[in-house]
Amino acid sequence: GAADADQRRFDEAGIPGALQPFGDQLLAALPALAHGAYAIAADELSSLRREAPSSQRFRASRVATIARQALAVHIDLCAQLEHLKHATPDAVSQEQAELENAITEADALVGDHEEAELDDTV
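It should be emphasised that the depicted structure is a prediction, and the values quoted were computed from it without experimental measurement.

Caption draft 1: Molecular detail of the overall build of the chain. In terms of helices and strands, the chain carries 4 helices and 0 strands. Going residue by residue from the N terminus, the α and β elements of the chain occur as α-α-α-α. Counting every position in the chain, which comprises 122 residues, the buried fraction comes to 33%.

What follows is the structure in structure tokens.
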């Protein structure tokens, strides 16, 4: 009955057997994990904006990597929520959009610095 339904739900959500007694808490924790990942990426981006141009490229590449990982967490969260027939909260969608913008901004900075280095060698 209900236990079997929970078992199926946790199996489908990829929660291993030993953790299934905590399955509901783990699913409930996903938005907090996604927000935490977002907060780290946002913090890195604001640090990047304060960097001296000479050290921006390394920092930008790091920000892009962190933001991509945070975005993956958000995409996974949305998939889990959709699977459980829950709507994606607006806050999660908003963070996802901001992460996509952060990746674009960071990638552009990395690209600008690579082009500047090519100009220097000519």
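Moving on from the coordinates now.
Caption draft 2: Representation of the nonpolar core. Within the largest apolar cluster, 18 residues are counted, with the highest numbers of intra-cluster contacts made by Ala41, Leu48, Ala60, Ala67 and Leu99. Here this core takes 7 residues from helix α3 (residues 53-83), the largest share from any one element. What Ala67 contacts, discounting residues up to four positions off in sequence, is Ala41, Leu99, Ala102 and Ile103. The next biggest cluster of nonpolar side chains, apart from the first, holds 6 residues, and it includes Leu30, Leu77, Cys78 and Leu81.

Caption draft 3: Here's a closer look at α3. With 31 residues, α3 extends 44 Å between its outermost C-alpha atoms, agreeing within 8% with the 45 Å of an ideal straight helix rising 1.5 Å per residue. In the structure, α3 departs most strongly from a straight axis at Arg59, where the bend amounts to approximately 30°. Downstream of α3 by a residue or two, Lys85 has a phi angle that is positive, lying close to 65°.

Caption draft 4: Seen up close, the pattern of salt bridges. Within the structure shown, the criterion is met by 5 salt bridges. For Glu105, the salt bridge is made with Arg49, and the minimal N-O distance between the two is 2.7 Å. Linking Glu105 in helix α4 (residues 90-121) with Arg49 in helix α2 (residues 23-50), this pair joins segments that are 56 residues apart in sequence. The exposure class assigned to Glu105 is partly exposed, which follows from its relative accessible area of 28%. One connected set of salt bridges, linked through shared partners, spans Glu44, Glu51, Arg59 and Arg62.

Caption draft 5: Spotlight on the side chain of Gln96. Relative to the helices and strands, Gln96 resides in helix α4. With a relative accessible area of 17%, Gln96 lands in the buried category.

Caption draft 6: Here's a closer look at the side chain of Arg59. Counting through the fold element by element, Arg59 comes out in helix α3. Within the structure, Arg59 has its side chain in polar contact with the side chain of Glu44 (distance 3.3 Å). A distance of 3.4 Å separates the side chain of Arg59 from the side chain of Ser47, its partner in a polar contact. Here Arg59 is in contact with Glu44, Ser47, Leu48 and Glu51, once residues within four sequence places are set aside.

Caption draft 7: Molecular detail of the environment of Arg62. Tracing the backbone through its elements, the reader meets Arg62 in helix α3. Placed 17 residues apart in sequence, Arg62 and Leu45 show a C-alpha to C-alpha distance of 9.5 Å.

Caption draft 8: Expanded view of the confidence of the model for the chain. Within the chain, residue pLDDT values average 83, and 84% of them lie at 70 or more. The least confident element of the chain, judged by mean pLDDT, is helix α1 (residues 2-12) at 75; the most confident is α3 at 88.

Conventions adopted
- As a convention, each chain's residues are numbered from 1 in the sequence order in which they are written.
- Whole-chain, interface and lining totals are the exception, using all residues; otherwise, since this is a predicted model, local features are given only for residues with pLDDT of at least 70 and side-chain atom pairs are given and counted only at 80 or more.
- Working from all heavy atoms in the structure, the side-chain values ignore hydrogens and water.
- Under the scheme used here, helices are H or I runs from DSSP no shorter than 4 residues and strands are E runs no shorter than 2 residues, and both carry numbers assigned from the N terminus.
- The buried label applies to any residue whose accessible area, calculated with a 1.4 Å probe on protein chains only, is under 20% of its type's maximum; exposed applies above 50%, and partly exposed to all values in between.
- We define the nonpolar core as a collection of buried residues of types Ala, Val, Leu, Ile, Met, Phe, Trp, Tyr and Cys that are connected through side-chain atoms lying within 4.5 Å of one another.
- By the convention used here, residues are in contact when the closest approach between their heavy atoms is within 4.5 Å.
- What a helix should span is 1.5 Å times the count of its residues minus one.
- Two axes enter the definition of the bend at a residue: one is fitted to the seven residues ending there, the other to the seven starting there, and the bend is the angle between them.
- Salt bridge, as used here, is a side-chain nitrogen of Lys or Arg placed within 4 Å of a carboxyl oxygen of Asp or Glu.
- In the analysis that follows, any N or O atom pair within 3.5 Å is treated as a polar contact, provided that within protein one partner can donate a hydrogen and the other can accept it, and provided that, for residues neighboring in sequence, both atoms belong to side chains.
- Every residue carries a pLDDT, the predictor's confidence in it, which falls somewhere between 0 and 100.

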